[in-house]
Amino acid sequence: MGLYLLDYGAGNVQSLANTLSTLGHKFTWISSPEDFKLATSLVFPGVGAFELAIQNLATKGLLEPLREYILSGRPYFGICIGMQVLFESSAESPTAPGLGIVPSPITRFDDGDKAVPHMGWNASQLLHSDDPEQIHDSKYYYFVHSYCAKYDPERYPAAAQWAYTTTQYGQELFISSIRKANVFGTQFHPEKSGAAGLALLDAWLRKPESAHSSSPGATSIPPILPPPVIRPKPQHQLTKRIIACMDVRANDSGDLVVTKGDQYDVREKHASDTVTATTGGAVRNLGKPVTLAEQYYKDGADELCLLNITSFRHSPLRDQPMLAVVRAAAERVFVPLTIGGGIKDSVDPDGTKHPALEVAGTYFRAGLINGCTRTGARATGLALLRRLRMRMGYRLVYVDPETYEGPYKAELVCGEPGSSESGKAWWYQCTISGGREARALSVVQLAKGVERLGAGELLVNSIDRDGSGVGFDLDLVRLIKSAVRIPVVASSGAGSKEHFLEVFQKTDVESALAAGIFHRKEVGIDEVKQCLDDNKVIVRR
């Protein structure tokens, strides 16, 4: 008897398990249909596709026991997919019906005026003044989803009665949490929402189970106030994200360290007698990955990104130290954690083959909420790419703007008059293997291609700007943002807090990432956020 967690077989459930352990709550995993009879409280977390969740539950014989458990009146807390499966259906998977407990469909966001998926920290607005679940209007919570339950009390009045909070994205209002009788659910991820999310989870779990117990259809439930009709505000509250990045690799002693290079060269440079720099020094060591990750979480980073920069040399599932880093970081960090590098089809030295989906799944189940694969990795399936951020590296290829008639003419960027680039023109070429290899592929071609395959976000690196400290490549960011409808992360070149302000004021990018200036303590994360806040850029503080 007691608290049980439902794992439907895909997505990141380890993050919630880590959170509950940190908060001091003991739990048992649901491993068979019979376990539902033993559960007195049930939490169903999930990241992934609606259809996959329904199919896996049905295949394991858990779908009907789940429905029976909920209708029994025992406490239920659904997170993300764990909330969406309560609805009638999803446009993501029209042939897979939901549990039908909440009488309305799940539909896709409109990407006509914004990037989809909705990814990042957003506010939730209470529909009534009473807040027994402690979802505060002033707090931000982490979302990552392309489909949602629209808040529409006129079209779906019965479903609106379930709505506890709403959230605005663009000019769309959706149900960000539901609460009725024994059921509570959030579209956001409290386990990845920092202190605010942990407080919400802890408060729900510490209440006596009797406070949550009541059948959704019970006639004894007091009448609920009519759902209010609310209109979108001029601007949503989605924050701009500040991401701390850690390039991780083994040093010459075999220990995993955080390093940082200049144009991807991570070895210390030693001056010779002729004052010509060479690159034969040791790997630059800026700290231990888990220690730095925990510190950046405490400093207020909105997301942490671990890039395994030598993963192309090894089989990632044999790279146990990196998996250990991910598992350890996930136990201490309660904001989104991304791993990059090695998510590809691979073969062990003994000939064992691992498809990319298996590799990604291993990392997700170690504690990730996002994965990152680089250019050069071939497409490995729509389901995988929807859960991945594409890491895209580029370099400038200069051409004569007067005579160039090549295939990338429509993508040419011209230098501004009066600048050091005045009179020049260039296109952006894709690179792989840390910038050492170029591909006959342009930024726009790759961006559009991976978006069509289903990539959820683009992380854009510039080899020309890497380690330069001169600011983000605004032309590159604008070019990619104009080509795709998915979120974009600007990377490479940050040297001051003003550079973050510049990229957010002069482009529509959703996030900005930096590494070296944070590692060397040249600029603090809080300094960056204070600068943005002072200039009316919405950030999480």
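Just above, that's the structure.
Residues numbered from 1 in each chain as written. Predicted model: local features only at pLDDT ≥ 70, side-chain atom pairs only at ≥ 80, totals over all residues. Heavy atoms only, no water.

Here we take up the pairing of strand β25 (residues 425–432). For β25, the tally of buried residues reaches eight of eight residues, placing the bulk of the element in the interior. Across the two faces of β25 the burial is the same, with A425, W427, Q429 and T431 and W426, Y428, C430 and I432 all buried. Pairing of β25 with strand β26 (residues 437–442) involves three bridges; the strand directions are antiparallel. Paired with Q429 across the bridge in β26 is S442. (Buried < 20%, exposed > 50% of the residue type's maximum accessible area, 1.4 Å probe, protein only. Helix = DSSP H or I, 4+ residues; strand = E, 2+ residues; numbered from the N terminus. Pairing = 2+ DSSP bridges.)

The strand order across the open sheet built from three strands is β5-β6-β10, with neighbouring strands paired in mixed fashion. Each edge of the sheet is formed by a strand with only one pairing partner; in this case those strands are β5 (87–90) and β10 (147–148). Relative to β10, strand β6 (residues 102–108) runs antiparallel, the two sharing two bridges. For T107, the partnering residue across the bridge sits in β10 and is C148.

This paragraph deals with the packing of aromatic side chains. One pass over the full model with this rule turns up 18 aromatic pairs. Seen from their ring centres, Y297 and F334 are 6.0 Å apart, and the 75° between their planes marks the pair as edge-to-face. One end of the pair, Y297, is in helix α7 (residues 289–299); the other, F334, is in the loop between α8 (320–330) and β19 (337–340), with 37 residues separating them in the sequence. You'll find Y297 and F334 in the same group, each marked buried. Their ring planes at 20° and their centres at 6.1 Å tell us that F500 and F518 sit as a pair that is stacked. With F500 in helix α13 (residues 497–506) and F518 in helix α14 (residues 516–519), this pair connects stretches of sequence that are 18 residues apart. What makes F500 buried here is its relative accessible area of 0%. On the accessibility criterion, F518 (5% relative accessible area) is buried. Taken together through their ring pairs, the aromatic side chains of F109, Y141, F143, Y169, F174 and F188 make up a single cluster. The ring of Y169 has K114 lying over it, and the distance from NZ or CZ to the ring centre is 5.5 Å. Just above the ring of W121 sits the side chain of R540; from NZ or CZ to the centre is 3.9 Å. (Phe/Tyr/Trp six-rings, centres within 6.5 Å; stacked < 30°, edge-to-face > 60°. Lys NZ or Arg CZ within 6 Å of the ring centre and 35° of its normal.)

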